[in-house]
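# Residue-level structure breakdown
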Amino acid sequence: MSDVHAQTVSYVRETMLPEAEPPVTERGAIKWLRENLFSSWLNAILTILSLYVIYYVLSHTLGWMLYGIWDAGSLTECREIRNELYGEDASVACWAVLADRWDQLLFGFYPQDLYWRPVAALLVFFVAVSPILFEGVPRKLFYLTATAPFICFWLIWGGTIWGPIVVALGFVIAGAVFRYGAEVVGPLLAIIGAFVVPILYWLLLAGPLTAILNSIAPIGMQYVSSDEIGGFMLAFIIGITGIILSFPLGILLALGRQSDLFIINKTCVTFIEVIRGVPLIVWLFTASLLLNYFLPPGTNFDLLLRVIIMVTFFASAYMAEVIRGGLAALPRGQYEGADSLGLNYWQSMQLIILPQALKISIPGIVNTFIGLFKDTTLVVFVGLSDPIGFSNLIRATTDWNGIYWELFIFIGLCFFICCFSMSKYSQFLERKLRTEHR
Amino acid sequence: MATMTEPPAEAFRLSQLIYDTRYRSLTIQVVAFILIMAGVFWLANNTVQNLQDLGKDFNFGFLGQRAGYDINQRLIEYSNDSTHARAALVGILNTLLVAFLGCILATILGVIAGVLRLSKNWIVSRLMGVYVEGFRNIPTLLWILIVFAIMTEATPQPRDFRGENPEASMILFDTVAITNRGIFIPAPVWGEGATVLILVFLASLAGIFAFRRYARKRQEETGVILPVFWVSLGLFFIPSILFYYILGRPVTLEYPELAGFNFAGGTHLRNSLIALWLALSLYTGAFIAENVRSGILAVSKGQTEAAFALGLRPNRTMNLVILPQALRVIIPPLISQYLNLTKNSSLAIAVGYMDVRSTLGGISINQTGRELEGMLLLGLFYLVTSLIISGLMNVYNQSIKLKER
C-alpha cells in the first residue's frame, strides 16, 4: 500500500508551513481604520467631515483657552497683558475673572471667613447619603443620615443650635407616639396622633422652648440670612432639598394616581396634570408674586423657602409620572401575588410592588433629578442669585464689563460635572440591580 | 340533616367604618374630601381677605383696556393702542411660532444625531455622543444665553458690510446677512397670480398623498411596488415650477440691502428669536436623539435578520420592518419632548423675546397690577396647550397600540 503511495505521489509535505501574517489591510491600526472609519464611501465622507469639525472647533478654542490669562484685576488689565504677550490681534481667554470672583460664583455673598460651613455641610451630606447610595458602607451611618438635614441647616444658616434640635425633637415625639401610643390607644389613633401631636408641638411649643433653651445655654454660630446665599451653593441647596423632598412626595402621588379611591385618585391626577402642564418659570413667578395672596394676611416667609416648595412640587409631579410608569409596567401577577399572601396595601407596596417599580424607573427618576438640578438656574428670574445671576452681576461691574465666555464655560462645566456624574451613577445602579439572566 | 344557615346578621357598629375593609375606603375618601375642601376653602378665604385688604377686586376687565406698550416682534397687527387681550394674543402667537420652528429643527437634529450615534463610524458616533451629553447635562437657560451671546457678540456689525473691502460679507450669493442686530433673509413678495400658485402647490401635495395611498393599496392587493419616492418628488416640484413660469413669476424675493446704519428690506429675524429657536432646538434635539436611538435599539436584531432571510433589501427592511416598530417606541416620548420645548419657550424672558409670558404675564401684569388674573390666564394657556397635545398623543397611542388578546 505504502509502496504504491510512495511511487504515485512524488512529494508529501511532512510539516505544516508557519502561519503567515495577515495582510497589511487586515491587521492592526489599518484594519481598525478601515472597519471603523472608512468602511464605505459615506462613512469616509462622514469621517473627513467630523475631522474637519473637530479641527475647526479646536483651532478656534484651544489656543484661546490654553494661552488664557489668569492673573489680572480687570478686563482692561487682561487686554493690556495680552497686548504685551501676544499682540493686539491675538484672542485669548481672560480666566482672571474666575480667579478674581470664584468665591462669589460658588458661595454668593456668604461671609468669607465662614466658607468652611457650607463646605462642611456638603461633606456631611455626602457622608449621610453614602449608606443609601452604596453598599458596604457601615450601616450605623444611617443615624447620621437621619440627623443630617438638621446639621446641614444649622451649618448653613447658623443661629442658635436649639432651633434645629427643638424641631428635630418633634420627629422624635412623632416616633414615640407611634410606637408606644399603639399599646395605649390602639394603632389607628396612634397613627393619627403621630401626625397631630408633633404639629401641635411645632406650632405651639417649639418657639417658646427654643427661646427658653437659648436663654439658659446660648450656644450658636453667626447667623447668615438667605439673602447672602448665592452661586452654586444656592443651586445645591435648592437642588438637593428638592430632590430629597420630591422623591417621597412623588411616590405618594403615583400611588394616589393608581389608587381605586375615586376622590384621592382625581385629586392626584389634577395636581399632577396642573403642575406638569405649566412651565416652572410660571410657578416660580406664582411663588414670588401670588403666594402672599393664598396665605393668611401678614404671613411673609423667605423667598428661598417659597422657591424650594415650588420646585419640590414641580419635581414631584414629574417624579409621580415616572414612578407611575414603573408601577404600570409591573405584571398584574405581582399585585395579585401580594394580595394572595394576605399582605395589606402598605405591606404589599413596601415589600413587593415599590422595590420592583422603583428599580424599573431608575433612569427616569435620575433624569428627573438632573432636570430639577438644571432647573435651579431659573430662580434667577425671581431675584435669587444663582450662578447665572452672579455671571450677570459680575458682568455689570466696571472691572469685568463685557466678559461672557469664561463665565459661561465655568458654569457650564460645573453643571456638566454634577449632572454627568448623576447619570453615570444611575447606570451603575441599573447594572447593580439587574437581576434578570442575560 | 345539615342545614346551611346564614350567619346571623351583625348590627352595624361604628368601628366597622375603620376596621372593616368594606367601609374603610369610604371612610378614607370622606375624610380626604373634607380635608381637601377645607384646604381649598382656607386658600380661597385667604385670597378674598387679602384682595379686600389691598382694595382690589377680581375681574378680567383689564383685558379690554389700552395696553400702551410696543411689541417688537409680532405676527398680527398690533400697536400700543391695542388692548391687553390683543397683546396677549400677539404673545401667544409668538410662543407658538418659536415652539413650531423649534419642534421642526429639533426633530431634524435629533433624528440625525440619534441615527449617527448608532453608526459604526467610531469618530462620528463619539462626536454625536459629545453633542448629546453636552446638551443634556447643561441647563437650557445657559445654552440660550450662550447662543444669544454668540449672536450679539461674535457676529459683525451692519457697518462692517460697508465699503470697498468690507470686513464681513453676506452669505448664500449675497442674500442672507448675519449681523449682531439679527439675521436678514430675503422676503417673498406675493404678486398677481400668487394665489393660483399656492393652490397648485396645495393640489400637488394632495396629489402626493393620494398617490401614496393608491400605491400602498395596490401593493397590498397585487404586490406590485410603484416608485413612490420619485413620483412624490416629481409631483412636489414639477407642477409648481411649471405654473411659476406659466403665470409669469408671480412670487419674487425682496433681498435685504444695506441702507444707512442697518439693513433694510427682506425679513428681519431678531437675535432673540434666533437665539431662543436655536438653543431650544439644539437642547431638545439632544433629548430626541436619545429617544430615536433607544427606539431603534428596541427593535430586536431578529427582526432585521428575519427580514433579510425573507430576501428584503436593506432599505426595504428599514422602511417596512424596522421603522414601523421603532416609531411606536419613538413617537410618544417625542411628543412629550415637543411639549417640553413649548414650555421651555417661556425662557424667552432671558433674551427679551416677546412671548406670552412677557406680554400677558409680564408687562400687562406690571402695568395693571392684576397679578392674580394675569398669572391665572397665563397658566391656563399653557395648561390647555399641553392638555391638547397630550390628548392628541393619547389618541395616537391608542391607534398604534399592539392589538393583543
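Residues numbered from 1 in each chain as written. Chains lettered and ligands numbered in written order. Predicted model: local features only at pLDDT ≥ 70, side-chain atom pairs only at ≥ 80, totals over all residues. Heavy atoms only, no water.

## Thoughts on the overall build of chain B
When you go through chain B residue by residue, the secondary structure sums to 12 helices and seven strands. For 405 residues, the compact-globule formula gives about 22 Å, and the C-alpha radius of gyration of chain B, at 30 Å, lies well above that figure. C-alpha extents for chain B along the principal axes are approximately 110 × 75 × 45 Å. Within chain B, the proportion of its 405 residues that are buried is 39%. Contacts in chain B between residues at least 24 apart in sequence constitute 66% of all its contacts with a sequence separation of at least 6. Carbon and sulfur atoms form 65% of the exposed surface of chain B, whose accessible area is close to 23,500 Å². Across chain B, the mean location of the 32 positive side-chain charges is 11 Å away from that of the 25 negative side-chain charges. (Helix = DSSP H or I, 4+ residues; strand = E, 2+ residues; numbered from the N terminus. Rg over C-alpha atoms; globule rule 2.2 N^0.38 Å. Buried < 20%, exposed > 50% of the residue type's maximum accessible area, 1.4 Å probe, protein only. Contact = heavy atoms within 4.5 Å. Areas by Shrake-Rupley, 256 points an atom, 1.4 Å probe, with all protein chains shown as cover. Lys, Arg positive; Asp, Glu negative; His and termini not counted. Charge placed at Lys NZ, Arg CZ, Asp CG, Glu CD.)

## A closer look at the state of the cysteines
Residue and element names in this part refer to chain A. Going through the model one piece at a time under the given rule, you end up with one disulfide over all chains. Note on cysteine connectivity: C78 is disulfide-linked to C94, with sulfurs 1.9 Å apart. Given an S-S torsion of about 90°, the disulfide between C78 and C94 has right-handed geometry. With a gap of 16 residues between them, C78 in helix α4 (residues 75-86) and C94 in the loop between α4 and α5 (96-107) connect regions that are remote in the sequence. The pair formed by C78 and C94 is uniform in burial state, with each residue classed as buried. Unpaired in terms of disulfides, C414 finds its nearest cysteine sulfur in C418, a separation of 6.8 Å. (Disulfide = S-S within 2.5 Å.)

## A word on the environment of L106 of chain A
Residue and element names in this part refer to chain A. On the secondary structure map, L106 appears in helix α5. C-alpha of L106 to C-alpha of D399: the two residues are 293 residues apart in sequence and 19 Å apart in space. When near neighbours in sequence (up to four residues on either side) are disregarded, L106 contacts G230, G231, F232, M233 and F410.

## Structural notes on a negative patch on the surface
Residue and element names in this part refer to chain A. On the surface, a cluster of negative charge is made up of D71, E77, E80, E84 and D399. With respect to the helices, strands and loops of the structure, D399 is situated in the loop between α17 (387-396) and α18 (405-433). For D399, a relative accessible area of 33% gives the class partly exposed. (Patch = residues over 30% accessible without salt bridge, like charges linked within 9 Å, V, L, I, M, F, W, Y side chains within 5 Å. Salt bridge = Lys/Arg side-chain N within 4 Å of Asp/Glu carboxyl O.)

## Things to note about the packing of helix α10 (residues 231-258) of chain A against helix α16 (residues 362-375) of chain A
Residues and elements named next belong to chain A. Where α10 contacts α16, the axes come no closer than 9 Å and their chain directions differ by 145°. Crossing of α10 against α16: the hand is right-handed. Contacts between α10 and α16 involve A235, F236, I238, G239, G242, I243, S246 and F247 from the first element and I365, F369, L372 and F373 from the second. (Axes fitted to C-alpha atoms, helices over the stretch in contact; angles between N-to-C directions. Left-handed = near helix turned anticlockwise from the far one by under 90°.)

## Considering the interface of chain A and chain B
Taken together, the 51 residues of chain A in the interface contact 57 residues of chain B. Between chain A and chain B, roughly 4,700 Å² of surface is buried when both sides are summed, and carbon and sulfur atoms account for 75% of that area. Viewed at the interface, chain B and chain A are joined by zero salt bridges. Taken together, chain A and chain B are joined by 16 residue pairs in polar contact (both at pLDDT 80 or more). Secondary-structure elements contributing two or more residues to the side of chain A that touches chain B are α2 (28-36), α3 (41-66), α11 (262-277), α12 (280-294), α16 and α18 of chain A. No other element matches the nine residues that α12 of chain A contributes to the side of chain A that touches chain B. (Buried area = accessible area lost by both parts, 1.4 Å probe. Polar contact = N/O pair within 3.5 Å; in protein donor to acceptor, adjacent residues only side chain to side chain.)

## Things to note about the domain arrangement of chain A
Split by domain assignment, chain A resolves into domain 1 (27-61), domain 2 (100-110 + 226-433) and domain 3 (159-221). Measuring from the centre of the C-alpha atoms in domain 1 of chain A to the corresponding centre in domain 3 of chain A gives 66 Å. (Domains from an automatic or database assignment.)

## A short note on the packing of α12 of chain A against helix α2 (residues 21-54) of chain B
Orientation of α12 of chain A relative to α2 of chain B, taken along the N-to-C sense of each, is 100°, at an axis distance of 6 Å. As judged from the angle between their axes, α12 of chain A and α2 of chain B are roughly perpendicular. Counting all contacts with α12 of chain A, which are made through N292, Y293 and F294 of chain A, the residues of α2 of chain B involved are W42, L43, N46, T47, N50, L51 and L54 of chain B. The class makeup of the residues in the contact of α12 of chain A with α2 of chain B is six nonpolar, four polar and no charged. (Parallel < 35°, antiparallel > 145°, perpendicular 65-115°, else oblique. Nonpolar A, V, L, I, M, F, W, Y, C, P; charged D, E, K, R; others polar.)

## Comments concerning the nonpolar core
Counting residues in each nonpolar core, the largest one holds 165 residues, and the members touching the most others are I238, L284 and L327 of chain A. Each residue touching L327 of chain A, except ones within four places of it in the same chain, is listed here: A254, L255, Q258, Y335, I353, L354 and A357 of chain A. One finds A67, I71, A87 and M354 of chain B within the second-largest nonpolar core, a separate group that totals seven residues. (Core = buried A, V, L, I, M, F, W, Y, C linked by side-chain atoms within 4.5 Å.)

## Here we look at the pairing of strand β2 (residues 182-185) of chain B
All names here are of chain B. Pairing of strand β1 (residues 177-179) with β2 involves three bridges; the strand directions are antiparallel. Note on β2: the bridge partner recorded for I178 is I183. Here β1 folds back onto β2, and the loop between the two strands holds two residues. (Pairing = 2+ DSSP bridges.)

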